[in-house]
Structures are given as structure tokens and as C-alpha cells.
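Residues per chain are reported as follows:
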2 protein chains.
Amino acid sequence: MYSIQEVAQICDLSPHTIRYYDKEGLLPFVARTKSGNRTFSDTDLELVKLICCLKNTGMPIKEIKKYMDMVVEGSGTAEERKQMMIAHRREVARQMDEMRKNLNIIDLKIKFYETGRH
Amino acid sequence: MYSIQEVAQICDLSPHTIRYYDKEGLLPFVARTKSGNRTFSDTDLELVKLICCLKNTGMPIKEIKKYMDMVVEGSGTAEERKQMMIAHRREVARQMDEMRKNLNIIDLKIKFYETGRH
DNA sequence: GTTCGACTTCGAGCGAGGTCGAACTAAATC
DNA sequence: GATTTAGTTCGACCTCGCTCGAAGTCGAAC
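Our subject in this report is the structure included herewith. (Residues numbered from 1 in each chain as written. Chains lettered and ligands numbered in written order. Predicted model: local features only at pLDDT ≥ 70, side-chain atom pairs only at ≥ 80, totals over all residues. Heavy atoms only, no water.)

### Observations regarding the protein's contact with DNA strand C
Thinking step 1. Of all residues adjacent to DNA strand C, which total 17 residues, the nearest are Y21 and I61 of chain A together with R19, R32 and R38 of chain B.
Thinking step 2. Expressed as a percentage, the sugar and phosphate content of the atoms of DNA strand C within 4 Å of the protein is 72%.
Thinking step 3. Taking R19 of chain B, its side chain carries an N or O atom lying 2.8 Å from a phosphate oxygen of DNA strand C.
Thinking step 4. Between DNA strand C and the protein, one listed contact pairs a phosphate oxygen with a backbone N or O atom of R38 of chain B at 2.7 Å.
Thinking step 5. Contributing elements (two or more residues each) for the surface near DNA strand C: helix 2 (15-23) of chain A together with helix 1 (4-11) and helix 2 (15-23) of chain B.
Thinking step 6. The biggest single contributor to the surface near DNA strand C is helix 2 of chain A, with four residues. (Near = heavy atom within 4 Å. Polar contact = N/O pair within 3.5 Å; in protein donor to acceptor, adjacent residues only side chain to side chain. Helix = DSSP H or I, 4+ residues; strand = E, 2+ residues; numbered from the N terminus.)

### Some words on the protein's contact with DNA strand D
Thinking step 1. Not every one of the 16 residues close to DNA strand D is listed here, only the nearest: R19 and R38 of chain A together with Y21, S35 and I61 of chain B.
Thinking step 2. Counting only atoms of DNA strand D within 4 Å of the protein, the sugar-phosphate share comes to 74%.
Thinking step 3. In this structure, Q5 of chain A approaches DNA strand D through a side-chain N or O atom, which is 3.3 Å from a phosphate oxygen.
Thinking step 4. Between DNA strand D and the protein, one listed contact pairs a phosphate oxygen with a backbone N or O atom of R38 of chain A at 2.7 Å.
Thinking step 5. If you list the elements that add at least two residues to the surface near DNA strand D, you get helix 1 (4-11) of chain A together with helix 2 of chain B.
Thinking step 6. For the surface near DNA strand D, the leading source of residues is helix 2 of chain B, giving four residues.
Thinking step 7. By residue class, the composition of the surface near DNA strand D is five nonpolar, seven polar and four charged. (Nonpolar A, V, L, I, M, F, W, Y, C, P; charged D, E, K, R; others polar.)

### Examining the packing of aromatic side chains
Residue and element names in this part refer to chain A.
Thinking step 1. With the rule as written, the count across this model stands at two aromatic pairs over all chains.
Thinking step 2. Judged by centre distance (5.7 Å) and plane angle (45°), the ring pair of Y20 and Y21 falls under tilted.
Thinking step 3. We classify Y20 as partly exposed; its relative accessible area is 37%.
Thinking step 4. Residue Y21 is classed as buried on the basis of its relative accessible area of 5%. (Phe/Tyr/Trp six-rings, centres within 6.5 Å; stacked < 30°, edge-to-face > 60°. Buried < 20%, exposed > 50% of the residue type's maximum accessible area, 1.4 Å probe, protein only.)

### Description of helix 2 of chain B
Residue and element names in this part refer to chain B.
Thinking step 1. For helix 2, the complete set of buried residues consists of P15, I18, Y21 and D22. Taken around the axis of helix 2, the buried residues stretch over an arc of 115°, which confines them to a single face. Facing away from the buried surface of helix 2 by more than 90 degrees, the exposed residues are H16 and K23.
Thinking step 2. Looking one or two residues past helix 2, G25 carries a phi angle of roughly 85°, positive in sign. (Arc of directions from axis to C-beta.)

### Digging into the interface of chain B and chain A
Thinking step 1. Counting residues at the interface gives 30 residues for chain B, matched by 30 residues for chain A.
Thinking step 2. In total, chain B and chain A occlude about 3000 Å² of area from one another, counting both sides; carbon and sulfur atoms represent 76% of this.
Thinking step 3. The interface formed by chain B and chain A contains two salt bridges.
Thinking step 4. Here R89 of chain B makes a salt bridge to D107 of chain A, at a shortest N to O gap of 2.6 Å.
Thinking step 5. Inspection of the chain B/chain A interface yields six residue pairs in polar contact (both at pLDDT 80 or more).
Thinking step 6. Every element with two or more residues in the side of chain B that touches chain A is listed here: helix 3 (42-56) and helix 5 (78-114) of chain B.
Thinking step 7. A per-element tally of the side of chain B that touches chain A places helix 5 of chain B first, with 23 residues.
Thinking step 8. Along the lines of polarity and charge, the residues of the side of chain B that touches chain A split into 15 nonpolar, seven polar and eight charged. (Contact = heavy atoms within 4.5 Å. Buried area = accessible area lost by both parts, 1.4 Å probe. Salt bridge = Lys/Arg side-chain N within 4 Å of Asp/Glu carboxyl O.)

### Some thoughts on the pattern of salt bridges
Residues and elements named next belong to chain B.
Thinking step 1. Applying the stated criterion across every chain, the model contains 18 salt bridges over all chains.
Thinking step 2. The partner of R32 in a salt bridge is D22, with the nearest N and O atoms 3.6 Å apart. In this pair, R32 is assigned in strand 1 (residues 31-32) and D22 in helix 2, connecting sequence segments 10 residues apart.
Thinking step 3. Given the relative accessible area of 45%, R32 is considered partly exposed.
Thinking step 4. Here D22 falls in the buried class, since its relative accessible area comes to 17%.
Thinking step 5. Of the charged contacts, one joins R94 and E91 as a salt bridge, the two residues approaching to 3.0 Å between their closest N and O atoms. Within this pair, R94 and its partner E91 are both found in helix 5, separated by three residues, close to a single helical turn.
Thinking step 6. Taking relative accessible area as the criterion, R94 reaches 42% and is therefore assigned partly exposed.

Listed below in C-alpha cells is the structure:
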């Protein structure tokens, strides 16, 4: 079991941010100790990592919440979750493509400066 | 010469956003007509496109402003601008790398769902 | 000469995603 | 039993990047 501090360090988040995620409903799976402290299992940790992955690829908090709610709901939602991931995958691929194009523009700009045509 | 509306359409921005960019100092090069309307040359248009490229790759408004101020300042700032572009290029490459890793995680997740281990 | 449409400035408001601090609690150490 | 450390809640605040609306101006068409 991991404390909020440990999860924060592993996932490069602040404990504040993790509590914020919890408040927003992203962590419906997190258990508490007797004294009310959040406690994360290995499975929970993996889910937090997934949250980071989705967040860092631009999925809004609200949509991540939907996904996590479905995870808690159980295997009946597996197909819907899969479809969500597939849709998000497409979106990420699109973003990377745009990135590539912009990287190209930046490279051209650098070449301009290198050939002195600035 | 292009009107604000035309630039907006070409660059997929709203006229509001372009005025906001101007207010923030991103467009120190923009000329005005007698009656005070903004008017963009082809060179200006290219700079607006560059602004979009930098913005879409995560460069903050304030840093874009610095760059544009240097553009207006003239060729004396060329080396500094080049260094800025090189630094940004690195940052974009880093982002793309992170993207790739995250795409991989998403792909694994999809595979999990496909093999029924959800 | 008035009406229209596209522009102008200005300042307020908004949504997303945190970020922070105050006040409190619980368990562990001295 | 007092202190320290790590956690808790709650609500206020912050930054970024817009977004919008009100009120006004200008030039062209009718």
C-alpha cells in the first residue's frame, strides 16, 4: 500500500493535485485507513498512472472521471471503455501528426537562420 | 493586404483572438489603415502562422511576444531568435517522445480489452 | 443622409486545471 | 504528555488563454 506522498512522488504530482483529482471524482476506487488517510494498492497506483497518461495526452478531467467511474462499475462497461480508448488513441495520433508538421515548420525556421536568410 | 477577418479564417482563429494577441504584444508589426483598422501583409500573415505553430506546440504567449519583439528589432537579434527556436525544437521533440510513450500505454490498454483481460 | 457591415477599444467573465493556506486530526517519537 | 510529521477538509485564489458584449467609428451602398 502506498501513501498519498509516495503516489505523488512516483507519478510526479503533488499531494494537493491528487486530492484535487479525488475531489473531481477521478479516484473513486481509493480506500482509506482507519484514521481516514488515503491508501493506494498497486492496482490503484496503475490507475493513477493511467490518469496521468490520459491527462498528459489532453483528455479532460471530466472524461477521465467517466472512465474511472466505469472501471469501478465493473466488467459490464469494458466494451464502452475500450471504445473510449480507441477514440482517444485516434485523437492522440492526430495530435502527434500536427506536432510533426509544426516541428517541420520550426526546423525550416532554424534552417533559415543557419543560411543567414533571416 | 489582409483584413483581420481574412487572417482569422486562414489561420483558424477568431478576430477576437487576433486582437487579444495584439493586446498581448504578439503582433508589434501590424500596420493600420487610415481609419485605424489592422492590415496584414503577406509577411505579417506568415508571422501569424508562425505564432500559431509556436502556440500549438506549447510556447507561452509571453515567450512568443519576446520572439516577435526581436523580429521587429531587426537582424541584430537573429542569433538569439535562432537559439530560441533550437531550444523550442528540443522541447517539442521531448513532447513528441512523451506522446509516443503515452500512445504506447493506450495501445497496451486497448490490447488488454481485446484479449478480454479487463 | 441613413443604414449596413466590418472594424475599433475596453473591461469583465469564463473554463480548465491546479495551487495554497488555515485549521484540524492521528500516530509515532522523545 | 508534548512535539513532530504526515495526513485530512474546505474554500479561496491563481494563471492561462481565450471569449464576449457594450459602445463607438468608419466607409461604402442605397
